[in-house]
Amino acid sequence: DAASGECLHTLKGHQGWVTCAAFSPDGQQVVTASYDKTARLWAAASGECLHTLEGHRGAIFCAAFSPDGQQVVTASDDKTARLW
């Protein structure tokens, strides 16, 4: 909780450093990117991992939702960006 400083959830599952985290436009999901070559979608309310996005051949440094929250873009040191 940003107002109280209380940790609401710890999002565990990545096998490498987490490089980026962002909320979906509606605040219902969080996307994280990692050195483990995956991005993960999480339920913000519960902290549950909803999906693991796999396919990059290098660390993912950035991930973001589209303005309507229907897609995610990831950028990797494998010299690609992917739309999911």
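Thresholds, definitions, all that
- Residues numbered from 1 in each chain as written.
- Predicted model: local features only at pLDDT ≥ 70, side-chain atom pairs only at ≥ 80, totals over all residues.
- Heavy atoms only, no water.
- Helix = DSSP H or I, 4+ residues; strand = E, 2+ residues; numbered from the N terminus.
- Contact = heavy atoms within 4.5 Å.
- Phe/Tyr/Trp six-rings, centres within 6.5 Å; stacked < 30°, edge-to-face > 60°.
- Buried < 20%, exposed > 50% of the residue type's maximum accessible area, 1.4 Å probe, protein only.
- Pairing = 2+ DSSP bridges.
- Axes fitted to C-alpha atoms, helices over the stretch in contact; angles between N-to-C directions.

Draft legend 1. How the structure looks around the environment of Glu48. Within the secondary structure, Glu48 is located in the loop between strand 3 (38-43) and strand 4 (49-54). Residues Glu48 and Leu83 lie 35 residues apart in sequence; the distance between their C-alpha atoms is 22 Å. What Glu48 contacts, discounting residues up to four positions off in sequence, is Leu41, Trp42 and Ala43.

Draft legend 2. Structural detail: the packing of aromatic side chains. Applying the stated criterion across every chain yields a total of 2 aromatic pairs. Here Trp17 and Tyr35 contribute two aromatic rings whose centre-to-centre distance is 5.2 Å and whose plane-to-plane angle is 75°, an arrangement assigned as edge-to-face. Taken together, the positions of Trp17 in the segment before strand 1 (18-23) and Tyr35 in the loop between strand 2 (29-34) and strand 3 put the pair 18 residues apart, joining distant regions of the chain. When its relative accessible area of 65% is taken as the criterion, Trp17 is described as exposed. Ring geometry for Tyr35 against Phe61: centres 5.3 Å apart, planes inclined by 75°, an arrangement best described as edge-to-face. Of the two residues, Tyr35 is situated in the loop between strand 2 and strand 3 and Phe61 in strand 5 (residues 60-65); the sequence distance between them amounts to 26 residues. According to the relative accessible area criterion, Phe61 is partly exposed, its value standing at 37%.

Draft legend 3. Region of the structure containing the sheet that holds strand 7 (residues 81-83). Reading across the sheet, the 3 strands line up as 5-6-7 and stay open at both edges, with antiparallel pairing between neighbours. In the strand order of this sheet, the two ends are held by strand 5 and strand 7, each with one partner. Across the sheet, the mean angle from the axis of one strand to that of its neighbour is 15°, orientation sign disregarded. As judged from the 5 bridges shared by strand 5 and strand 6 (residues 72-76), these two strands associate in the antiparallel manner.

Draft legend 4. Up close: unusual backbone geometry. Even without glycine at this site, Lys37 takes up a positive phi of about 75°. Along the chain, the position of Lys37 falls in the loop between strand 2 and strand 3. Phi is positive for Lys79, close to 75°, though the residue is something other than glycine.

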